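Below, each chain spelled out in residue letters.
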2 protein chains.
Amino acid sequence: MPVLSLRIDFGPKKRIGPGKIRLLEHIGTSGSISAAARAMDMSYKHAWDLIEEMNRLFGRPLVHTQTGGREGGGARLTAVGRTVVARFRTIERTAAKAAHSELEALEAEISPT
Amino acid sequence: MPVLSLRIDFGPKKRIGPGKIRLLEHIGTSGSISAAARAMDMSYKHAWDLIEEMNRLFGRPLVHTQTGGREGGGARLTAVGRTVVARFRTIERTAAKAAHSELEALEAEISPT
């Protein structure tokens, strides 16, 4: 089956898609922005730029960072960060389910060569 | 309302999204690959590469080209080209409709600042 991926556009420079959502998910599971950046093969700076873009879009932080402490700092998703991830994944599932038969019909246009 | 855009992934280097579909639509309306490329602010070569990628994916041409003739050549969509455009747009509409309320809920997470 073909795989559907989505981007949601809230206006100029206000877009979220699979890359940003996966970054948030990696931060949620690893508790670290640098580990998440590494997992996605991007620089820490690029990861941080994407986070700041999302913070600006939603008007509040999606990622909470802590400096120092016994573990030497860390990061976790805020409530809105978790909500954005969950809603994006729901939208993705809903869209894929609704379009399922049309996607199959499109795939059927591929001629076996 | 936020705008949903889709990409459909049939495998490595086998992807279609809004850019390729819009290119096909421009070819359909203008009857010319170079006019379509110009309308999308891309080189003729890039447009042609995208067309070839789609031809390979579907195993047959999506665009029919004519050389010479009174109009000096031209291009038109083949039946499969028209079907691919129509199905993609239907998938887009179906997905956006199904995800409508979830998209509104996501938009509601944007804090008025």
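Residues numbered from 1 in each chain as written. Chains lettered and ligands numbered in written order. Predicted model: local features only at pLDDT ≥ 70, side-chain atom pairs only at ≥ 80, totals over all residues. Heavy atoms only, no water.

**Q** Mind showing me how you'd approach the packing of helix 4 (residues 79-98) of chain A against helix 5 (residues 100-107) of chain B here?
**A** Helix-helix packing: each pair is described by the crossing angle between the helix axes and the interaxial distance. Interaxial distance between helix 4 of chain A and helix 5 of chain B falls to 9 Å at its minimum, and their mutual angle equals 165°. The orientation of helix 4 of chain A with respect to helix 5 of chain B, classified from their angle, is roughly antiparallel. Judged by the twist between their axes, the crossing of helix 4 of chain A over helix 5 of chain B is left-handed. When helix 4 of chain A is examined against helix 5 of chain B, the residues Val84, Arg87, Thr90 and Ile91 of chain A are found in contact with a partner set consisting of Glu102, Leu103, Ala105 and Leu106 of chain B. Per-class residue counts for the contact of helix 4 of chain A with helix 5 of chain B are 5 nonpolar, 1 polar and 2 charged. (Axes fitted to C-alpha atoms, helices over the stretch in contact; angles between N-to-C directions. Helix = DSSP H or I, 4+ residues; strand = E, 2+ residues; numbered from the N terminus. Parallel < 35°, antiparallel > 145°, perpendicular 65-115°, else oblique. Left-handed = near helix turned anticlockwise from the far one by under 90°. Contact = heavy atoms within 4.5 Å. Nonpolar A, V, L, I, M, F, W, Y, C, P; charged D, E, K, R; others polar.)

**Q** Got a minute to help me understand the nonpolar core in this structure?
**A** A general feature of soluble globular proteins is that nonpolar side chains tend to end up buried together. Judged by nonpolar contacts, the single largest core of 66 residues is most densely connected at Ile16 of chain A together with Ile16 of chain B. Once you skip the residues sitting within four places of it in the chain, Ile16 of chain B turns out to touch Leu106 of chain A together with Leu6, Arg7, Ile8, Phe10, Ile21, Met54, Leu57, Phe58, Val84 and Phe88 of chain B. (Core = buried A, V, L, I, M, F, W, Y, C linked by side-chain atoms within 4.5 Å. Buried < 20%, exposed > 50% of the residue type's maximum accessible area, 1.4 Å probe, protein only.)

**Q** How should the confidence of the model for chain A be read in this particular structure?
**A** Note: predicted coordinates in regions of low pLDDT should not be interpreted at a detailed level. Residues and elements named next belong to chain A. For chain A, mean pLDDT is 92; residues scoring 70 or higher make up 94% of the total. Per-element confidence in chain A is highest for helix 1 (residues 18-30), whose mean pLDDT is 97, and lowest for strand 3 (residues 63-66), whose mean pLDDT is 92. Reported confidence for the predicted complex is 0.86 by ipTM and 0.87 by pTM. (pLDDT = per-residue confidence, 0-100.)

**Q** Just checking my understanding: could you explain the relation of the copies chain B and chain A for this structure?
**A** For the pair of chain copies, the relating transformation is a rotation about an axis with a translation along it. Rotating chain B by 180° about the axis while translating it 0.0 Å along that axis superimposes it on chain A, leaving an RMSD of 0.0 Å. What we have between these two chains is a two-fold relation. Take the interface residues of chain B: 100% of them recur as interface residues in chain A, which is what a same-surface contact looks like. (Least-squares fit on C-alpha atoms with pLDDT ≥ 70 in both.)

**Q** Could you clarify how one ought to interpret the pattern of salt bridges in this entry?
**A** Side chains that carry opposite charge are capable of pairing whenever their charged atoms lie near each other. Under the definition given, this model contains 12 salt bridges over all chains. Here Glu109 of chain A ties to Arg60 of chain B by a salt bridge, and the two come within 3.2 Å at their closest N and O atoms. Taken together, the positions of Glu109 of chain A in the segment after helix 5 (100-107) and Arg60 of chain B in the loop between helix 3 (44-58) and strand 3 (63-66) put the pair across two chains. Assessed through its relative accessible area of 17%, Glu109 of chain A is described here as buried. One network of salt bridges, with partners in common, ties together Glu25, Arg89 and Glu92 of chain A. (Salt bridge = Lys/Arg side-chain N within 4 Å of Asp/Glu carboxyl O.)

**Q** Sorry if this is basic, but what is going on with the environment of Ala47 of chain A here?
**A** Residues and elements named next belong to chain A. Its place among the elements puts Ala47 in helix 3 (residues 44-58). Separated by 52 residues in sequence, Ala47 and Ala99 have C-alpha atoms that sit 32 Å apart. If we ignore the near neighbours within four places in the chain, the residues touching Ala47 are Leu23, Ile33, Ala37 and Met42.

**Q** I would appreciate a short explanation of the sheet that holds strand 2 (residues 15-16) of chain B in the present structure.
**A** Picture the strands of a sheet paired through backbone hydrogen bonds; they go either parallel or antiparallel. The strand order across the open sheet formed by 4 strands is 2(A)-1(A)-1(B)-2(B), and the pairing between neighbours is antiparallel. Two strands bound the open sheet, and with one partner strand each, they are strand 2 (15-16) of chain A together with strand 2 of chain B. Sheet topology places strand 1 (residues 3-9) of chain A next to strand 1 (residues 3-9) of chain B; 7 bridges connect them, and they run antiparallel. Paired with Ser5 of chain A across the two strands is Arg7 of chain B, which belongs to strand 1 of chain B. (Pairing = 2+ DSSP bridges.)

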